[in-house]
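Each chain, written out:
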Amino acid sequence: MTSACSKHDAMLADLLGELAYKIESLDAGDRGANVSKCADIVRDCKKELTRLNTEIRGLPNDAKADFTAAAESHRARLKQLENALEVKKKEKTTFAADEDITYGTTIDDPKNEVKAMLGRQETHQNDALSSLGRTLGQIQQTNTQAASTAQELARQGEVLEDIDKQLDELGDDLTRAKKELNAFMRRMATDRLILCFLFLIVLGIVVAVILHFVLPANDKLAPPPPPPK
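What counts and what doesn't
- Residues numbered from 1 in each chain as written.
- Predicted model: local features only at pLDDT ≥ 70, side-chain atom pairs only at ≥ 80, totals over all residues.
- Heavy atoms only, no water.
- Helix = DSSP H or I, 4+ residues; strand = E, 2+ residues; numbered from the N terminus.
- Buried < 20%, exposed > 50% of the residue type's maximum accessible area, 1.4 Å probe, protein only.
- Contact = heavy atoms within 4.5 Å.
- Areas by Shrake-Rupley, 256 points an atom, 1.4 Å probe, with all protein chains shown as cover.
- Salt bridge = Lys/Arg side-chain N within 4 Å of Asp/Glu carboxyl O.
- Patch = residues over 30% accessible without salt bridge, like charges linked within 9 Å, V, L, I, M, F, W, Y side chains within 5 Å.
- Lys, Arg positive; Asp, Glu negative; His and termini not counted.
- Charge placed at Lys NZ, Arg CZ, Asp CG, Glu CD.
- Core = buried A, V, L, I, M, F, W, Y, C linked by side-chain atoms within 4.5 Å.
- Expected span 1.5 Å × (residues − 1).
- pLDDT = per-residue confidence, 0-100.

1. Description of the overall build of the chain
- Scanning the chain for helices and strands turns up 4 helices and 2 strands.
- Going from the N terminus to the C terminus, the chain shows its helices and strands as α-α-α-β-β-α.
- Across the 229 residues that make up the chain, the buried fraction comes to 22%.
- Relative to all contacts within the chain whose residues are 6 or more apart in sequence, the contacts with residues 24 or more apart total 67%.
- For the chain, the accessible area works out to roughly 16200 Å², and carbon and sulfur atoms hold 62% of it.

See the structure below:
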């Protein structure tokens, strides 16, 4: 978000510098084309200013102050240049009464014109340096945030490694528990088989006892054998 604000800020500084140069270079020969070009630049400046204000609304509170001040400075500068453009539109001559609205100088001769041009370049350079300073400040802030983020990521990486170790230990515990459960199930099956054999043995004993007491009674009821001849 701050990089987008820095981009719009730098774009506005460039457009305003170009607009100031175009306004001061208006002359009778190509006045119509230059006035139209100035109007286009004014529209572009307003669009960039709107975009900058939109981006500023999404910034955290500690980052809004610098860009809000820059936006207000650009707005005042644009208003000043619009007024200068209106004055230039009404002028009928080029070099007789051109007013330098930005610096309050009248260009009466080539020397003054050169001075005015140098002044405009200096202003443009100052705007660019100011924009660059804000950009560098935002870059430094971004680097600080990146360092904090890297530390947090490193800490989270250590936490994830600990979790991975715990999961490995849990997997080993589950494997041991599975083996113990299988052994317990085998013991249960063996115990059931032993119980079945014991049941069969007891059942056999019971049957043997019943037969022991039942068969003699049947022998007594049987008819006696015939006497020998």
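2. Points about the pattern of salt bridges
- Following the criterion strictly, the structure yields 6 salt bridges and no others.
- Close ionic contact of E48 with R51 constitutes a salt bridge, the shortest N to O distance being 2.8 Å. In this pair, E48 and R51 are both assigned in helix α2 (residues 31-57), 3 residues apart and thus about one turn of the helix distant.
- On the basis of relative accessible area, E48 is assigned to the buried category, the value being 12%.

3. Digging into the environment of R77
- In this fold, R77 is placed in helix α3 (residues 61-90).
- When the C-alpha atoms of R77 and G17 are compared, they prove to be 9.8 Å apart, with 60 residues separating the residues in sequence.

4. Overview of the side chain of H74
- Structurally, H74 is set in helix α3.
- Residue contacts for H74: discarding those within four places in its chain leaves D9, L12, A13, L16, L49, L52 and R134.

5. Examining a negative patch on the surface
- On the surface, E158, E161, D162, D164, D168, E169 and D172 cluster together to form a negatively charged patch.
- Along the polypeptide, D164 turns up in helix α4 (residues 110-221).
- Of the residues examined, D164 reaches a relative accessible area of 42% and is grouped as partly exposed.

6. Comments concerning the nonpolar core
- L19, I23, C45 and I56 are the most contacted members of the largest nonpolar core, which totals 23 residues.
- Listing elements by their share of this core, those giving two or more residues are α1 (2-24), α2 and α3.
- For this core, the leading source of residues is α2, giving 8 residues.
- Other than its neighbours up to four places away in sequence, C45 contacts L12, L15, L16 and L78.

7. A short note on a nonpolar patch on the surface
- A surface patch of nonpolar side chains, amounting to about 1000 Å² of accessible area, comprises I194, L195, L198, I201, V202, I205, V206, V209, I210, F213 and V214.
- Tracing the chain through its elements places V209 in helix α4.

8. With respect to α3
- With 30 residues, α3 extends 44 Å from end C-alpha to end C-alpha; this agrees with the ideal 44 Å at 1.5 Å per step.
- Of the positions making up α3, those classed as buried are A63, F67, A70, A71, H74, R77, L78, L81, A84, L85 and K88.

9. Concerning the side chain of D9
- Following the sequence through the fold, D9 ends up in helix α1.
- Judged by relative accessible area, D9 falls into the buried class, the value being 0%.
- Leave out the neighbours within four places in its chain, and D9 touches L52, A70, H74, S131 and R134.

10. Section: the confidence of the model for the chain
- Here the chain averages 77 in pLDDT, and 80% of its residues register 70 or above.
- Segment residues 92-108 is flagged for pLDDT under 50; beyond a separation of four residues in sequence, or across chains, it makes 38 contacts in the model.

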